[in-house]
Amino acid sequence: MEKIYNFKKIEKKWQKKWKEEGTFKISKDSGKKKFYLLEMFPYPSGELHMGHMRNYAIGDVVARFLRMRGFNVLYTMGYDALGLPAENAAIKEEIHPSSWTNRCIEKMKKQQKKMGLSYDWGRLVITADPEYYRWNQWIFLKFYEKGLAYRKKAPINWCPQCETVLANEQVVNGKCWRCEAFVEIRSLEQWFFKITEYVEELLEDLKKLTDWPERVRLMQENWIGKSYGTLVNFRLKGSDSLIPVFTTRPDTLYGATFMTFAPEHPRVLEFITGTGYEKRVREFINKAVIEDRFTRTEEDREKEGMFIGRYAINPLNGNEIPIYVANFVLMEYGTGAIMAVPAHDQRDFEFAKKYHIPIKQVIVPSPEESSTGEDLKEAYEGEGIMANSAQFDGLSSPDGREKITQYLTQKGWGRKTLQYRLRDWLISRQRYWGTPIPIIYCDKCKIVPVPEKDLPVKLPVKVEFTGRGNPLAKCSEFVNCKCPKCGSPARRETDTMDTFVDSSWYFARYCSPHFKKLPFDKKKVKYWMPVDQYIGGIEHAIMHLLYARFFTKALRDIGLYKIDEPFTRLLCQGMVIKDGAKMSKSKGNVVSVDEITQKYGADTARLFILFASPPEKDLEWSDRGVQGCYRFLNRVRNLVEEIKSKHKKTVLKTYDQEEKKLNRITHSAIKKVTEDIESFHFNTAIAAIMELSNGIYDYLRKKGTSSHLRESVEKLILLLAPFAPHICGELWEVLGHRGSVIKKSWPRYDQEVIKKEEMLIVIEVNGKVRSKVEVPVNLEEEEIKKRAQVDEKVRKYIENKKIKRIIYVPKRLVNIVVEK
């Protein structure tokens, strides 16, 4: 009868041992090759579920694997501890943000330790610690000195009833989350970082990031949004005021029948003030601005807008065109004002149809065709021949763009230009729980930076959280101060920094977390940086990663770094899905870390979450799958117990056919697991370990125990150790070994042993060669077919396609036939 192992006792034993021995403490070791492995640090929200834990399990397996392979691994943890949720908790639960945050951190640390994560906790970084955010302030001052930090007006969400600024997350259906009053848009002086100073380098250096997912690089490239085009100056009717518009299609200028402004555009309020349109347009702006920018620009999103009562004059033909404010126009694109050509842009076409705006076609596919535009069923967005465009009729689109741009330049109505979508980074937040911006305002000296000797500017503890206004602005002890320059009464800046500032350089602080002279020790950073492998969610593909790249370049230019990019390799793990939806507390479908470790143990949880799916894909939670992993670990444990009780001390020096087969299976497994962990194919690595376990059991049934068998079992435990470290530590000890299994060297494989028993199989998809793979000569046909389907090179050709049949030509090829 199989025994069930006492995982609770085993896990406590080994976690205690690792802590007492300082097993994961990191030191600079010039004799070893360094590897900096990092997961994106979490916001301390209170309780971890298995959706969160997937990220950490991935990192921990790699860290343990690399240590066993002789690397000096920097692997640690911290908490992105400042931000809005803690402040909301202060209002709702009447608890100070620091108390709420610390309580959450302690709970998360306990859960992470329970999972056996091998962090060096001595390097813990918490961004709410004044000794951390003092360096945010120091960096701000350095940016200010270099002209990278500046102040200007920008729109904010304002609740007139609570008399406070709201974050976008605090606006629900256009209303304040707390009092449900309608939110207004107001302009306020705020602080910015000049990320656009590095725009070209940020774009060009994406080419260096060859080990980042292509979709992440593309997302950043699109966000930066470099485009060549023409700047056209329209005139506001009844005024000498000009409205500059950026377009990549000046060949369609004669087809412009209206103009659209982004709701955030400051000139919209200027145009409507004092007019009969003011109230309605303001209401529309308040509604549109608070929408997520991605949602606003989705193709299937309904196009909404409002006429503002003003007209623009087209410089080419003198036509008056109405000006609208529209939800699908973003301030980030061009100048925030767009000439709308409904005949040649589908979004403009849909808008024009909805609001009964004329449509004029000025590009036709060929000279023989003609159209006014009113009979179009959809926009014609392609290239073609210019028509209805005065002296430019008959020109091809490329020639027309060139000629019209030249004409506009000669007339002083426009010019050729280069535009970027990227805008400077607004870092001001009118909230308490963030890094205070180190600026003082003096009536005599104006804007005065806080002297470095006075850092950190600490958050005051005694503040009142009412939900009305910024708590810092109401704290006289914080606000009132003396000017560092002239000694006159002055006031502190009450805005705090965007928490993306905290996460834009934390990875460098890990290199020397207790350094007192600078944000980090330059010598330590030179040794450890850049991060060799970064792991985190795709939701951070743009903002966090872009800001971290900007900080790295800016800090390099003030002499702190010698690197250009912070992260060499990037893995974006998929979500954990349960009951058809992303695992989250709000959906009520979470599996907590405490729940699964209590029932099955940490090793089972780790094994399942890495076995169920490739890391970059979404993972469907399965209770049966968890139970299967639990049974497998029990099976390995019982195997070791059986070998221990029956092991013969005789050392066999010869190999019969069964020994040769076991030897080949063992070396093949070592090769497979090694390569799969290196390429983050944890699911197939675990499958190879299971296959080795089956081979060992097969040998045991046929031959009984032997020194060859024991050697294979030891290799099995070493291969499994990064995935299930607690039970493997115990089994290693059961076999009579002294010392921890995780301090042992990773097993090596003999290619010659494998080659003698392997055959090369060609894999085709619909008759085209897509990959080649070596498999054991005696591998069953069904297993060969399975391996062909999970091959990394093949997967992209068969993913989301129905497999009609799989043809196997013995010892030669597999052809997977899919529906086209």
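Please refer to the structure placed before this passage.
Criteria and thresholds
Residues numbered from 1 in each chain as written. Predicted model: local features only at pLDDT ≥ 70, side-chain atom pairs only at ≥ 80, totals over all residues. Heavy atoms only, no water. Helix = DSSP H or I, 4+ residues; strand = E, 2+ residues; numbered from the N terminus. Buried < 20%, exposed > 50% of the residue type's maximum accessible area, 1.4 Å probe, protein only. Contact = heavy atoms within 4.5 Å. Areas by Shrake-Rupley, 256 points an atom, 1.4 Å probe, with all protein chains shown as cover. Lys, Arg positive; Asp, Glu negative; His and termini not counted. Charge placed at Lys NZ, Arg CZ, Asp CG, Glu CD. Pairing = 2+ DSSP bridges. Core = buried A, V, L, I, M, F, W, Y, C linked by side-chain atoms within 4.5 Å. Polar contact = N/O pair within 3.5 Å; in protein donor to acceptor, adjacent residues only side chain to side chain. 1 Å grid on protein atoms, 1.4 Å probe; cavity = no way out; pocket = protein on both sides within 12 Å on 5 of 7 lines; lining within 4 Å. Points joined across faces, edges and corners; volume = space filled by probe spheres on them. Axes fitted to C-alpha atoms, helices over the stretch in contact; angles between N-to-C directions. Expected span 1.5 Å × (residues − 1). Arc of directions from axis to C-beta. Salt bridge = Lys/Arg side-chain N within 4 Å of Asp/Glu carboxyl O.

(A) The arrangement of the overall build of the protein in detail. Helix and strand counts for the protein come out as 26 helices and 34 strands. Taken over the C-alpha atoms alone, the protein extends approximately 105 × 80 × 45 Å along its principal axes. Put simply, the protein has 820 residues, and 56% of those count as buried. Within the protein, counting contacts between residues at least 6 apart in sequence, those at least 24 apart form 72% of the total. About 37,200 Å² of surface is accessible on the protein, with carbon and sulfur atoms providing 49% of the total. Looking at the protein, you have 138 positive and 110 negative side-chain charges, and the mean spots of the two groups are 5 Å apart.

(B) The arrangement of the pairing of strand 21 (residues 439-442) in detail. The side-chain alternation of strand 21 yields two buried faces, one formed by Ile439 and Tyr441 and the other by Ile440 and Cys442. Where strand 21 lies against strand 22 (residues 446-449), four bridges are found, and the strand directions are antiparallel. Bridging from a neighbouring strand, Cys442 pairs with Lys446 of strand 22. Between the end of strand 21 and the start of strand 22, which pair antiparallel, lie three residues. Bridge count for strand 21 against strand 24 (residues 489-492) is two bridges, and the pairing is antiparallel. Bridging across to strand 24, Tyr441 finds its partner in Arg491.

(C) Structural detail: the nonpolar core. Counting residues in each nonpolar core, the largest one holds 184 residues, and the members touching the most others are Met50, Phe507 and Phe723. If sequence neighbours within four positions are ignored, Phe723 has contacts with Val61, Asp603, Arg606, Leu607, Leu610, Ile677, Phe682, Ala685, Ile686 and Ile689.

(D) Region of interest: the environment of Arg235. Secondary-structure assignment places Arg235 in strand 10 (residues 227-236). Overall, the relative accessible area of 36% leaves Arg235 in the partly exposed class. Residues Arg235 and Val814, spaced 579 residues apart in sequence, show a C-alpha to C-alpha distance of 67 Å. Among the polar contacts made by the side chain of Arg235, one reaches the main-chain carbonyl oxygen of Ser239 at a distance of 3.4 Å.

(E) Looking closely at the sheet that holds strand 5 (residues 149-159). The strand order across the open sheet built from four strands is 6-5-9-19, with neighbouring strands paired in antiparallel fashion. Edge strands, defined here as strands with exactly one partner in the open sheet, are strand 6 (164-166) and strand 19 (425-426). Sheet topology places strand 5 next to strand 6; three bridges connect them, and they run antiparallel. Looking at strand 6, one finds that Cys159 is bridged to Thr164.

(F) Up close: the layout of surface pockets. In this model, the second largest pocket occupies a volume close to 1,400 Å³. Along the walls of the second largest pocket sit 45 residues, with Lys672, Ala688, Glu691, Glu783 and Arg787 positioned nearest its centre. Of all elements in the fold, only helix 20 (657-678), helix 21 (682-703), strand 32 (768-776), helix 25 (781-790) and helix 26 (792-798) reach the threshold of two or more residues within the lining of the second largest pocket. The dominant element in the lining of the second largest pocket, judged by the number of residues it contributes, is helix 21, at eleven residues.

(G) Highlighting the pairing of strand 9 (residues 184-193). Two strands pair when backbone bridges link them, and strand 5 and strand 9 are joined in this way by ten bridges, in the antiparallel orientation. For Asn157, the partnering residue across the bridge sits in strand 9 and is Ile185. Sheet analysis places strand 9 next to strand 19, joined by two bridges and oriented antiparallel. From the neighbouring strand, Phe192 faces strand 19, where its bridge partner is Leu426.

(H) Quick look at the sheet that holds strand 31 (residues 758-765). With respect to topology, four strands assemble into an open sheet ordered 32-31-34-33, the strand pairing being mixed. If you trace the sheet from one side to the other, it starts and ends with strand 32 and strand 33 (803-809), each paired once. Averaged over neighbouring strand pairs, the angle between their axes works out to 20 degrees when direction is ignored. Sheet topology places strand 33 next to strand 34 (residues 813-818); six bridges connect them, and they run antiparallel. For Ile806, the partnering residue across the bridge sits in strand 34 and is Ile816.

(I) Spatial organisation of helix 12 (residues 397-411). Over its 15 residues, helix 12 runs 21 Å from end to end, which matches the ideal 21 Å to within 8%, given 1.5 Å per residue. Taken together, the buried positions of helix 12 are occupied by Ser397, Gly400, Ile404, Thr405 and Leu408. The buried residues of helix 12 all sit within an arc of 125 degrees when viewed along its axis, so they share a single face. Check the buried side of helix 12 and you find it contacts strand 10, strand 16 (363-364), strand 17 (385-386) and strand 18 (414-419). At the exit of helix 12 stands Gly412, carrying a positive phi of roughly 80 degrees.

(J) Inspection of empty space enclosed by the protein at higher detail. As enumerated under the stated definition, the model contains four cavities of 30 Å³ or more in all. Quantified by volume, the largest cavity comes out at close to 160 Å³. Glu87, Ile91, Thr164, Gln170 and Gly469 are, among the 19 residues lining the largest cavity, the residues nearest its centre. Taken together, the elements giving at least two residues each to the lining of the largest cavity come down to helix 3 (84-93) and strand 6. Ranked by residue count, the leading element in the lining of the largest cavity is helix 3, at four residues. In this model, the second largest cavity occupies a volume close to 100 Å³. Along the wall of the second largest cavity there are eleven residues; nearest its centre are Asn663, Thr666, His708, Glu711 and Ser712. For the lining of the second largest cavity, the elements supplying multiple residues, two or more each, are helix 20 and helix 22 (707-720).

(K) Examining the side chain of Thr494 more closely. The residue Thr494 is located in the loop between strand 24 and strand 25 (496-497) in this model. For Thr494, a relative accessible area of 16% gives the class buried. Once you skip the residues sitting within four places of it in the chain, Thr494 turns out to touch Arg431, Asn470, Leu472, Ala473, Phe478 and Val479.

(L) Broad picture of the pattern of salt bridges. Across all of its chains, the model carries 59 salt bridges by this definition. Notably, a salt bridge pairs Lys16 with Glu20, separated by 2.7 Å at the nearest N-O pair. You can see Lys16 and its partner Glu20 sitting in helix 1 (residues 7-21), four residues apart, about one turn around the helix. Judged by its relative accessible area of 58%, Glu20 falls in the exposed class. Across the salt bridge formed by Lys671 and Glu675, the nearest N and O atoms sit 3.4 Å from each other. Taken together, the residues span about one helical turn, with Lys671 and Glu675 both in helix 20 at a distance of four residues. Overall, Lys671 belongs to the buried group, its relative accessible area being 18%. Accessibility expressed as a relative area gives 35% for Glu675, which makes it partly exposed. When salt bridges that share partners are traced, they join Glu201, Asp205, Lys208, Arg549, Lys553, Arg556, Asp557, Asp564 and Glu565 into one network.

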